Amino acid sequence: TEKTAFLENVSEMHKYASKISSSSDLNEIRNAFAKLTPAVWNFVSSSPAFNLNYNYLYCTMQKAYWIDYDSSVINPYVDKSMQECGVIRNLNVLQ
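Here we summarise the structure given alongside this text.

About the criteria used
Residues numbered from 1 in each chain as written. Predicted model: local features only at pLDDT ≥ 70, side-chain atom pairs only at ≥ 80, totals over all residues. Heavy atoms only, no water. Helix = DSSP H or I, 4+ residues; strand = E, 2+ residues; numbered from the N terminus. Expected span 1.5 Å × (residues − 1). Buried < 20%, exposed > 50% of the residue type's maximum accessible area, 1.4 Å probe, protein only. Arc of directions from axis to C-beta. Contact = heavy atoms within 4.5 Å. Patch = residues over 30% accessible without salt bridge, like charges linked within 9 Å, V, L, I, M, F, W, Y side chains within 5 Å. Areas by Shrake-Rupley, 256 points an atom, 1.4 Å probe, with all protein chains shown as cover. Salt bridge = Lys/Arg side-chain N within 4 Å of Asp/Glu carboxyl O. Pairing = 2+ DSSP bridges. Polar contact = N/O pair within 3.5 Å; in protein donor to acceptor, adjacent residues only side chain to side chain. Phe/Tyr/Trp six-rings, centres within 6.5 Å; stacked < 30°, edge-to-face > 60°. Lys NZ or Arg CZ within 6 Å of the ring centre and 35° of its normal.

## Some words on helix H1 (residues 2–22)
Spanning 21 residues, H1 covers 30 Å between terminal C-alpha atoms, matching the ideal 30 Å at 1.5 Å per step. Turning to H1, its buried residues are Asn-9, Met-13 and Tyr-16. Across the axial projection of H1, the buried residues extend over an arc of 75°, all falling on one side. Residues Lys-3, Glu-8, His-14, Ser-21 and Ser-22 are exposed on H1 and point more than 90 degrees away from its buried face. Those residues of H1 hidden inside the fold are in contact with helix H2 (26–45).

As structure tokens, then:
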């Protein structure tokens, strides 16, 4: 049911957010963030309550997504020298 899917998604977001908040290892944090982002995207894109301008971006090197308000690319998965590396997959799809 829709309620079951919603609760599973919330549970998944909580699991990965907890891993992020409890870790001090940058690689573990990035791995958890890579798993958290699709769950958050599914959550916000499935609800009309989140009628905001978000961008869904993709890091081709890490094969991972992130969500941003801005259309500029600031990649959270790589060091500062590579932060502009990434692809906008969905631009403002929640309008």
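Moving on, there is more to tell.
## Some points on a nonpolar patch on the surface
On the surface, a nonpolar cluster with roughly 250 Å² of combined accessible area is contributed by Phe-6, Leu-7 and Val-10. Along the polypeptide, Leu-7 turns up in helix H1.

## Re the pairing of strand E2 (residues 64–68)
Residues Ala-64, Trp-66 and Asp-68 line the buried face of E2, whereas the alternating positions Tyr-65 and Ile-67 sit on a face that is not buried. With five bridges joining them, strand E1 (residues 55–59) and E2 adopt antiparallel strand pairing. Paired with Cys-59 across the bridge in E2 is Ala-64. Counting the residues that bridge the hairpin from E1 to E2 gives four residues, and of these Lys-63 lies at a positive phi of roughly 55°.

## Remarks on H2
Residues that lie three or four places apart on an α-helix share one face, since the helix turns once every 3.6 residues. Here H2 spans 28 Å end to end across 20 residues, near enough to the 28 Å set by a 1.5 Å rise per residue. Those residues of H2 that sit buried are Arg-30, Ala-32, Leu-36, Thr-37, Ala-39, Trp-41 and Val-44. The N-capping residue of H2, defined by a side-chain oxygen 3.1 Å from the backbone nitrogen of Asn-27, is Asp-25.

## Overview of the environment of Trp-41
Structurally, Trp-41 is set in helix H2. In this structure Trp-41 comes out as buried when scored by relative accessible area, which is 9%. Through-space distance from the C-alpha of Trp-41 to that of Arg-30 is 16 Å; in sequence the pair is eleven residues apart.

## Regarding the side chain of Thr-37
Topologically, Thr-37 is positioned in helix H2. Residue classification places Thr-37 among the buried residues on the basis of a relative accessible area of 3%. Within the structure, Thr-37 has its side chain in polar contact with the backbone oxygen of Phe-33 (distance 2.9 Å). Apart from residues lying up to four places away in sequence, Thr-37 is in contact with Tyr-56, Tyr-65, Trp-66, Ile-67 and Tyr-77.

## Examining the packing of aromatic side chains
Applying the stated criterion to the full structure yields six aromatic pairs. Centroid distance Trp-66 to Tyr-77: 6.2 Å. Interplanar angle 70°. Geometry classified as edge-to-face. Of this pair, Trp-66 sits in strand E2 while Tyr-77 sits in the loop between E2 and strand E3 (87–91); the two residues are eleven residues apart in sequence, bridging distant segments of the chain. A relative accessible area of 2% places Trp-66 in the buried class. Taking the ring centre of Tyr-58 as reference, the NZ or CZ of Arg-89 above it sits at 4.2 Å.

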